[in-house]
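Here's the letter readout for the chains.
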Amino acid sequence: MPIKEITRGKFLITLNWTDERGRRRRQRITVSGRRRDAERYERDLKNSLRAGALVVQQPTPPPPAPLFKDWANHWWETLTLDNKANERRSKRLNLGNHLIPFFGNTPVDAITVHQVREFQAQQIRKGLAAATVNNHLRHLGRCLRCAQEDGLIASNPTALVRKQKENTEAWTYLETEEVPVFLEALPEHWRSLFEFAIWIGLRLGEILALRWTDIHWKRGVVQVRGTLYCGEIVTPKTKTSVREVPFQDAVERLLRVQRKAAVQSMFVFPSQTGGPLDPANVRRALNKVNEKNIMGRHIRFHDLRHTFASHCAMAGVPVNTIKDLLGHASITMTMRYAHLGDRAKAEGIETLAAWKKAEEARLEQKVGHILDTPVDSEDSEGATATLVVSHNHK
């Protein structure tokens, strides 16, 4: 019979065999520990039966499972070395700020589904976004999956916890007529960076990591090779984020003006010391515009990227092309802009319908004017004949 788990960490082994007198025998043995240890012990018992003697001896209990804080530190230090630097830093921050404070003193084999759900609920009560909570659970799940692979736990409790539904629709963009109003509201020395963001569609970290060697004037493209993360230039978010984005004449003029202003720095948008700008300063400048409520709604820096993509869609740029320009890993992310292309098509049809209606009215007015024109008596017969012939010909 298969091994049955009685309670967490306790298993029942049932042995059935025929003794030397031909009698059916059965023995039930309870063992503590991990399932893999119980399975190994069952194999030993069956081997002893085949040898002709059943030796029932409790297996050596396994060493106690490590506390989560010890395992998490071991996992981060040894099992995430193949991750990108920004991904490792993100995991380190999530472990230190969220996961270890909650699970730290709990042995990894004692973490239950109920505890994981309690952690999730605590995060939601703190007001964290659904995407942030899901990210914390994802890191917890990967940490415990490695514990499962090492035989420290029988199953991963995060696998049974439902992720939070992320609000992917909470974004906005600037209409064409809103762009100059938005730029005018910014301090003058910030306008070039924000205008560049609107017309090129790069992420904030990608813009701040741009060097002048990434601007290819002859080909008219910006080469995205890195992103600014925690003060360091690291590889971009995904493989598809490494890309080239063409720029238009207005962006070239903006860049040439910026080149004169930043002549002493390798960065396109440098700080006063010549290094990359601090993203916090960029957001601080944007917050001043939001405090005045000039746009009538809260504008995030990432909404400028949405603005670029939305304008592309409304201009009829194919969705796959927009995906490549934005550096999305999946077309699913880009499809949020598809309805704007449909709107542009609908507006085009409405324009055509309005033009057709105006043409019909003009023609109707012209025909009415011809019919109302008096005809000379001597030519009336010929005119009537012409009309009849034309009708029959039609």
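Residues numbered from 1 in each chain as written. Predicted model: local features only at pLDDT ≥ 70, side-chain atom pairs only at ≥ 80, totals over all residues. Heavy atoms only, no water.

Before going further, it helps to spend a moment on the overall build of the protein. Secondary structure summary: the protein contains 15 helices and eight strands in total. By residue count, 38% of the 394 residues in the protein fall in the buried class. Total accessible area computed for the protein in this model is approximately 24,100 Å², and 53% of it derives from carbon and sulfur atoms. (Helix = DSSP H or I, 4+ residues; strand = E, 2+ residues; numbered from the N terminus. Buried < 20%, exposed > 50% of the residue type's maximum accessible area, 1.4 Å probe, protein only. Areas by Shrake-Rupley, 256 points an atom, 1.4 Å probe, with all protein chains shown as cover.)

Attention shifts here to unusual backbone geometry. Glycine aside, negative phi is the norm for most residues, and most peptide bonds take the trans geometry. With a phi angle near 55°, Cys230 is a residue other than glycine that sits in the positive phi range. Tracing the chain through its elements places Cys230 in the loop between β6 (227–229) and β7 (232–234). Classification of Cys230 by relative accessible area gives partly exposed; the value is 49%.

Quick look at the environment of Trp17 now. By the element assignment, Trp17 lies in strand β2 (residues 10–18). Given the relative accessible area of 17%, Trp17 is considered buried. It is 9.4 Å that separates the C-alpha atoms of Trp17 and Lys46, two residues lying 29 residues apart in sequence.

Another aspect to go through is the sheet that holds strand β1 (residues 4–7). Strand order across the open sheet formed by three strands is β1-β2-β3, with antiparallel pairing between neighbours. Strands with a single pairing partner mark the edges of an open sheet, and in this sheet they are β1 and β3 (24–32). With direction set aside, neighbouring strand axes in the sheet form an average angle of 30°. Relative to β2, β1 runs antiparallel, the two sharing three bridges. Residue pairing across strands places Thr7 opposite Lys10, the latter belonging to β2. Relative to the sheet, helix α1 (residues 35–50) contacts β1, β2 and β3, its axis offset from that of β2 by approximately 15°. (Pairing = 2+ DSSP bridges. Axes fitted to C-alpha atoms, helices over the stretch in contact; angles between N-to-C directions. Contact = heavy atoms within 4.5 Å.)

It is worth spelling out helix α9 (residues 249–261) at this point. Relative to the 18 Å expected for 13 residues at 1.5 Å per residue, α9 spans 19 Å between its end C-alpha atoms, a close match to the ideal helical length. Burial in α9 covers these residues: Val251, Leu254, Leu255 and Gln258. Axial view of α9: buried residues confined to an arc of 100°, hence all on one face. Facing away from the buried side of α9 by over 90 degrees, the exposed positions are Asp249, Arg253, Val257 and Lys260. (Expected span 1.5 Å × (residues − 1). Arc of directions from axis to C-beta.)

As a further point, take the sheet that holds strand β4 (residues 215–216). Taken in spatial order, the three strands make up an open sheet running β4-β5-β8, and their pairing is antiparallel. The open sheet terminates on both sides in strands that have one partner only, identified here as β4 and β8 (243–246). With two bridges connecting them, β4 and strand β5 (residues 221–224) associate as antiparallel partners. Looking across to β5, one finds that His216 is bridged to Val221.

Our focus in this paragraph is the pairing of β8. What you see with β8 is a clean split: Arg243 and Val245 sit on the buried side and Glu244 and Pro246 on the side with no burial. In the sheet, β5 pairs with β8 via four bridges, with the strands oriented antiparallel. Looking across to β8, one finds that Val222 is bridged to Val245.

Quick look at the side chain of His328 now. Summarising the element assignment, His328 is placed in the loop between α12 (319–326) and α13 (331–334). Residue classification places His328 among the buried positions, given a relative accessible area of 8%. At a separation of 2.8 Å, a polar atom in the side chain of His328 contacts the side chain of Thr334. In contact with His328, not counting residues within four places along its chain, are Arg203, Thr240, Arg305, Lys323, Met333, Thr334 and Tyr337. (Polar contact = N/O pair within 3.5 Å; in protein donor to acceptor, adjacent residues only side chain to side chain.)

All we've got here are geometric facts, nothing functional implied.
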